[in-house]
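# Commentary on secondary and tertiary structure
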Amino acid sequence: MKRRAFLALSGAAVAGSAALRVQAAEAAVQQPAGPPAAAGGAATVNTVRGSIDASSMGTTLVHEHVLVDFGGAATASRSRYDADAVVRTALPHLVEVRERGCRTVVECTPAYLGRDPQLLARLSEASGLQIVTNTGYYGAADDIAIPKHAYDETPERIAARWTAEFEEGIEGTRIRPGFVKIGVEAGPLSAIDRKLVEAGALTHLATGLTLAIHTGDGRAAHEILGVLEASGVSPQAYIWVHAQNETDPASRARAAERGAWVELDGVSPKTLDAHVAAVVDLRARKRLDRVLVSQDAGWYHVGEANGGHYRSYAYLFDSFVPALRAAGLAEGEIRTLLVENPARAFSVKRRPASKAR
């Protein structure tokens, strides 16, 4: 973003109402120039406006959404929503969390469920946030968002599709994914869910991208770890998304001991105490260095009037972080959760040697 446009946005964000912030930000939208590229050899993260040094991620929300369309893979289309309306709805929420010190938002909506990289680039430019998008397919929610070709193709062919997005850009753009997003149901893994995990493993080996996998339960999580290890992929490349839904704290701890990232997302007023307890439990087990926290908040609901209810991203900063402090976490430990762990979880430390076949 040009300095003049950014200063105009910042002034409006501090002084004006939500409507004024949107108006000022809309005026500032130009062709994205992107953040500076990371130095050669550094651990990097792909954002929708270019590659950055992982250490530049800053305070990060690792699992949020801007737009989701549960219409199904067969009908998924950007003709189903008005991008301008989405910007007007989402931008005030992104500006709000930017004002609270957030610097990066990991947007977890996969292809065929409403992924729109160009919309995210527009919102990144307008809000001043770094936004990360993904490649991969979502096999949860009764497989509603799995494209037909995924059932017929081998894991190698699916991985080649995802790797091509990393190497060449998504859908003809120059926007590259910063991670692989997959969804699976509760264990045991179905045939299609296992195929997606195998394709994710191949994609990781070709690109270095982290695998953030919506995981139905602990049984599925440990089965995923087995598939990854059999494929030669370190457990450290796997984020167990929605791990807060696992009823056995020891299962989460075992996954962390194996090296997986344990993501406690879905933070909300209804889950505050449970999320704090889960963090405190993993801290007591000396596994805080494998924990990620976020809200799974937002989003513009395609098909609902005016996008439905858009849940703010600010609750984590306004309520969850103070609750962690009250539970005894030190400032350094909170920084570990919000700054250091996300940078380690999403960084890519090497360029691919070859494409998946």
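In this text the structure is predicted, and so the values were computed from the model without any measurement. For every chain, the first residue of the written sequence is number 1, and numbering continues from 1 onward in sequence order. Per-residue local features are limited, in this predicted model, to residues with pLDDT of at least 70; the limit for side-chain atom pairs, both in listing and counting, is 80 or more; totals at the level of whole chains, interfaces and linings are taken over all residues. With hydrogens and water excluded, all non-hydrogen atoms of the structure serve as input to the side-chain values.

Time to look at unusual backbone geometry. Cis geometry is found at the peptide bond from Gly-187 to Pro-188, where omega equals 0°. Numbering goes from the N terminus for both helices and strands, where a helix is a DSSP run of H or I of at least four residues and a strand is a run of E of at least two. Position of Pro-188 among the secondary structure elements: in the loop between β8 (179-183) and α7 (191-207). A cis geometry characterises the amide bond from Gly-298 onward to Trp-299, with omega recorded as -5°. Secondary-structure assignment places Trp-299 in the loop between β12 (291-293) and β13 (300-301). Of note, the phi angle at Asp-142 is positive, near 60°, even though the residue is not glycine. You can see Asp-142 is positioned in the loop between β7 (134-135) and α5 (148-152). A positive phi is found at Asp-296, a non-glycine position, where the angle reads about 55°.

With that settled, consider the sheet that holds β8. In this scheme, strands are said to pair when DSSP sees at least two bridges between them. In space, the six strands of this open sheet follow the order β7-β8-β9-β10-β11-β12, with parallel pairing throughout. Each edge of the open sheet is held by one strand with a lone partner, namely β7 and β12. Alignment of strand β9 (residues 211-214) against strand β10 (residues 238-241), held across four bridges, turns out to be parallel. What sits directly across from Ala-212, in β10, is Ile-239. Strand contacts of helix α8 (residues 218-230): β9 and β10, with the helix running at about 165° to β10, the strand carrying the most contacts. Two residues form a contact once any of their heavy atoms are found within 4.5 Å. For every element, the axis is a line fit to its C-alpha atoms; helices are fit only across the contacting stretch, and the angle between N-to-C directions ranges from 0 to 180 degrees.

Okay, the pattern of salt bridges next. Salt bridges are identified by distance alone: a Lys or Arg side-chain nitrogen within 4 Å of an Asp or Glu carboxyl oxygen. Counted according to the given criterion, the structure contains 16 salt bridges. As a salt-bridge pair, Glu-229 and Arg-258 come within 2.9 Å of each other at their nearest N and O atoms. One end of the pair, Glu-229, is in helix α8; the other, Arg-258, is in helix α9 (residues 249-258), and 29 residues separate them in sequence. We call a residue buried when its accessible area falls under 20% of the maximum for its residue type, exposed when it is over 50%, and partly exposed in between, using a 1.4 Å probe and counting protein chains only. With a relative accessible area of 40%, Glu-229 lands in the partly exposed category. Judged by its relative accessible area of 33%, Arg-258 is partly exposed. Several salt bridges share partner residues, and in doing so they unite Arg-78, Arg-115, Asp-116, Glu-165 and Glu-171 into one network.

Another aspect to go through is the pairing of strand β1 (residues 44-47). Along a regular strand, successive side chains alternate from one face of the sheet to the other. The alternating pattern of β1 places Thr-44 and Asn-46 and Val-45 and Thr-47 on opposite faces, both of which are buried. When β1 meets strand β2 (residues 50-53), the two strands line up antiparallel, connected through four bridges. What sits directly across from Thr-44, in β2, is Asp-53. If you look at the hairpin formed by β1 and β2, you'll find two residues sitting between the two strands.

The next thing to look at is the confidence of the model for the protein. Per-residue confidence from the predictor is reported as pLDDT, which spans 0 to 100. Confidence in the prediction of the protein, expressed as mean pLDDT, is 90, and 86% of residues score 70 or more. In this model residues 1-39 is a low-confidence stretch, pLDDT under 50, and it forms 57 contacts with partners more than four residues away in sequence or in other chains. Below a pLDDT of 50 lies the segment residues 351-357, which in the model reaches 19 contacts outside its immediate sequence neighbourhood of four places, other chains included.

The strand order across the open sheet built from three strands is β3-β5-β6, with neighbouring strands paired in parallel fashion. With one partner strand each, in any of the chains shown, β3 (60-64) and β6 (130-132) form the two edges of the open sheet. Strand-to-strand twist in this sheet, taken as the mean axis angle between neighbours without regard to direction, amounts to 20°. As defined by bridge partners, β3 adjoins strand β5 (residues 104-107) across three bridges and the pair is classed as parallel. Directly across from Thr-60, in β5, lies its bridge partner Thr-104.

Our next topic: the side chain of Glu-246. Position of Glu-246 relative to the elements: it lies in the loop between β10 and α9. The sign given to each residue is positive for Lys and Arg and negative for Asp and Glu; His and the chain ends receive no count. One buried charge, Glu-246, has no salt-bridge partner; the nearest side chain with opposite charge is Arg-252, at 6.6 Å. The term polar contact refers here to a pair of N or O atoms within 3.5 Å; inside protein, the definition further demands a hydrogen-donor-capable atom paired with an acceptor-capable atom, and it admits residues adjacent in sequence only when both atoms are side-chain atoms. A polar side-chain atom of Glu-246 sits 3.0 Å from the main-chain amide nitrogen of Asp-248. Leaving out residues up to four positions away in the same chain, Glu-246 has contacts with Asp-217, Gly-218, Trp-240, Ser-251 and Arg-252.

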